[in-house]
Amino acid sequence: MHLRADGYSPNTMRDPEKLEAETWLVSGGRPEAAGEPLNAPLVAASTFRYGADRGYSRNEGSPTWESLETVVGGLEGGDATAFSSGMAAVAAAIELVPSGGEVVYPDDCYQGVATLLQRGAEQGRWTIRKLAAEDTAGWLAAIDSAAMLWLESPSNPLLAIGDVAGICEAARDSDTLVAVDNTFATPLNQRPLERGADVVLHSATKYIGGHSDLLCGLAVTRSDAHTGQIRLSRVLQGATPGTMEVFLATRGIRTLAVRLRTAEANALELAKRLQAHPAVVATRYPGLIDHPGHELAVRQLDGFGSMISFDLVDGDAADRLCRRVQLIEHATSLGGVETTIERRAVISGQEHLPAGLLRMSVGIESVEDLWSDLEQAIRS
Ligand SMILES: Cc1ncc(COP(=O)(O)O)c(C=O)c1O
């Protein structure tokens with residue numbers, strides 16, 4: 001431990017349980033000894049000299065990965081394992097399902113996860129069943145039969161709110177695993193492990209990285225047994241994160257709180273204006289008072305996030321808007337500092353969505369500039 005001249009020890013303060021999340025985001029996961037850099041350096045190493053705990057990074061990790069894992073694990077209240085992408089973390093979590101077990105998942109969730117589950121079911125690895133995110137009674141009843149409940153709330157792209165807190169608490173002492181994709185909420189708005197979930201997933205590609213310049217994922221677990229299984233998946237399947245990507249994700253997460261709070265204030269304002277616009281057929285944002293999940297969102301989230309989906313009259317109108325935005329980027333993905341928009345029904349597996357549905361990830365630009373851009377694109 002290094003002491004400052006005045007005897008104050010920073011190490012006793014660097015405890016996620018004693019700090020507000022905003023502080024931990026900035027100060028967690030840093031080297032602490034005198035003379036070390038403030039930021040965990042980019043350690044480009046596959047192998048380490050024998051004689052200490054770390055031999056090979058795929059097996060024992062790397063100091064660069066550990067920095068990000070410490071920050072995210074501290075925020076979520078568990079042990080984080082970094083992966084090469086969100087999907088790699090998802091795949092490792094689904095490996096926790098015993099052979100032939102049933103996985104129950106929401107009828108609206110990230111398309112990649114739905115496809116992975118459907119493919120595994122076709123291969124006979126597990127069975128699957130879909131439930132509406134809002135069907136709390138159905139989810140509670142599924143605790144008796146399912147091997148894993150897969151939750152995603154707010155959901156992608158319909159922004160449905162499931163009773164994450166209630167379902168996790170009910171399943172806490174059961175043998176049923178509960179996995180929560182927390183990518184949209186981020187650990188600042190929702191911490192499912194505290195409620196009893198077993199594993200929390202993040203696509204760090206999105207809000208954690210925050211700049212649309214990397215792919216990375218994390219699985220965060222509450223029990224040593226699950227952490228051991230998730231780490232073994234990383235060792236054996238080799239979906240290890242890139243050192244540069246993790247370095248950038250750690251740099252990104254330092255500003256998560258300011259980025260998210262600015263983006264969600266923008267999102268609330270844009271959602272209200274979209275809802276009042278005569279050309280907009282539907283607006284989905286959990287912060288809107290008449291969103292069907294609003295009351296639940298108020299109870300279980302610390303913020304409504306910065307994802308909005310809204311519908312124009314048809315696919316042509318939505319395509320035209322995507323071509324006409326000038327500041328807002330017509331691009332997929334989400335969670336970056338820049339606002340992005342895309343029509344989702346054109347994506348394979350998402351054809352069931354309303355043809356005119358646009359998913360918008362609101363960034364941190366001036367809300368007035370964003371509105372001017374949206375309005376001119378809708379009008380024209
Ligand atoms: C909610 C959600 N979970 C998981 C993923 C997968 O993450 P990645 O693209 O980093 O593999 C995505 C990607 O869009 C997502 O939106």
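Rules used throughout
- Residues numbered from 1 in each chain as written.
- Predicted model: local features only at pLDDT ≥ 70, side-chain atom pairs only at ≥ 80, totals over all residues.
- Near = placed C-beta within 6 Å.
- Nonpolar A, V, L, I, M, F, W, Y, C, P; charged D, E, K, R; others polar.
- Domains from an automatic or database assignment.
- Contact = placed C-beta atoms within 7 Å.
- Helix = DSSP H or I, 4+ residues; strand = E, 2+ residues; numbered from the N terminus.
- Pairing = 2+ DSSP bridges.
- Axes fitted to C-alpha atoms, helices over the stretch in contact; angles between N-to-C directions.
- Buried ≥ 20, exposed ≤ 12 C-beta atoms within 10 Å, placed from the backbone.
- Right-handed = clockwise from strand over helix to strand, strands pointing away.
- Core = buried A, V, L, I, M, F, W, Y, C linked by C-beta atoms within 7 Å.
- Parallel < 35°, antiparallel > 145°, perpendicular 65-115°, else oblique.
- Left-handed = near helix turned anticlockwise from the far one by under 90°.
- pLDDT = per-residue confidence, 0-100.

### Side note on the site of the ligand
Taken together, the neighbourhood of the ligand is formed by 14 residues, with Ser85, Gly86, Met87, Ser203 and Thr205 sitting nearest. Its residues placed into classes, the shell around the ligand shows four nonpolar, eight polar and two charged.

### Examining the domain arrangement of the protein
For the protein, the domain assignment lists domain 1 (11–253) and domain 2 (257–379). Computed over C-alpha atoms, the centres of domain 1 and domain 2 are 26 Å apart. Taken together, the contact pairs 28 residues of domain 1 with 29 residues of domain 2. Sorting the residues of the side of domain 1 that touches domain 2 by element identifies helix H2 (21–27), helix H6 (111–122), helix H8 (164–171) and helix H9 (186–189) as the ones contributing at least two each. Grouping the constituent residues of the side of domain 1 that touches domain 2 by class yields 15 nonpolar, nine polar and four charged.

### So, the sheet that holds strand E7 (residues 217–221)
Strands sit in the order E1-E7-E6-E5-E4-E2-E3 across an open sheet of seven strands; the sheet is mixed. A strand with exactly one partner marks an edge of an open sheet, and here the two such strands are strand E1 (79–83) and strand E3 (127–131). Each adjacent strand pair in this sheet contributes to an overall mean axis angle of 20°, direction not counted. For strand E2 (residues 102–106) and E3, the ladder comprises five bridges, and the chain directions are parallel. Across the sheet, residue Val103 finds its bridge partner in E3, namely Ile128. Taken strand by strand, helix H4 (residues 63–76) contacts E1, strand E6 (199–203) and E7, and its axis lies near 135° from that of E1.

### Points about the environment of Phe48
Note that Phe48 resides in the loop between H2 and helix H3 (57–60). Spatially, the C-alpha atoms of Phe48 and Ile208 are 28 Å apart, while their sequence positions differ by 160 residues. When sequence neighbours within four positions are dropped, the list of residues in contact with Phe48 reads Arg54 and Gly55.

### Examining the pairing of strand E5 (residues 177–181)
Counting buried residues along E5, five of its five residues qualify, which places the element largely inside the surrounding structure. What you see with E5 is no split at all: Leu177, Ala179 and Asp181 on one side and Val178 and Val180 on the other are buried throughout. One ladder, built from five bridges, connects strand E4 (residues 148–152) with E5; its direction is parallel. Bridge pairing in E5 places Trp150 opposite Ala179. Crossover handedness for the path E4 to H8 to E5: right-handed.

### Some details on the nonpolar core
Counting residues in hydrophobic clusters, the biggest one holds 101 residues, and the most contacted among them are Ala93, Leu149, Val178, Ala179 and Ala219. Two domains each donate at least three residues to this core, and these are domain 1 (11–253) and domain 2 (257–379). Ignoring any residue separated from it by four or fewer positions in sequence, one finds Ala93 in contact with Ala179, Val199, Leu201, Ala219 and Ile230.

### Notes on the packing of helix H5 (residues 86–94) against H6
At their nearest, the axes of H5 and H6 sit 11 Å apart, and the two run at 40° to each other. One way to sum up the angle between H5 and H6 is to call them oblique. Once H5 is placed against H6, the crossing between them reads as right-handed. In this structure, H5 contributes Met87, Val90, Ala91 and Ile94 to the contact, and H6 contributes Gly112, Val113, Leu116 and Gly120. Counted by class, the contact of H5 with H6 contains six nonpolar, two polar and no charged residues.

### Considerations on the confidence of the model for the protein
Close inspection of predicted coordinates is inappropriate for parts of the model with low pLDDT. Summarising the model, the protein shows a mean pLDDT of 96, and 97% of its residues fall at 70 or more. For the stretch residues 1–5, pLDDT sits under 50, and the model shows six contacts to residues farther than four places along the chain or on other chains.

### Side note on the sheet that holds strand E10 (residues 329–330)
One open sheet accounts for five strands, arranged E8-E9-E12-E11-E10; its pairing is mixed. Edge positions in the open sheet fall to strand E8 (282–284) and E10, since each of these has one partner strand only. Examined bridge by bridge, E8 and strand E9 (residues 307–311) share three bridges and lie antiparallel to one another. Considered in E9, the bridge of Thr283 is made with Phe310. Along the sheet, helix H13 (residues 256–276) contacts E8 and E9; its crossing angle with E9, the most-contacted strand, is approximately 10°. Together, E10, strand E11 (340–343) and strand E12 (357–361) form the strand contacts of helix H15 (residues 315–324), whose direction differs from that of E11 by roughly 150°.

### What to know about the pairing of E12
E12 sits mainly inside the fold: five of its five residues count as buried. Side chains Leu357, Arg359 and Ser361 project from E12 onto one buried face, and the interleaved Leu358 and Met360 project onto a second face that is buried too. With five bridges connecting them, E9 and E12 associate as antiparallel partners. For Ile308, the partnering residue across the bridge sits in E12 and is Met360. Relative to E12, E11 is paired through four bridges, and the arrangement is antiparallel. Considered in E12, the bridge of Glu342 is made with Arg359.

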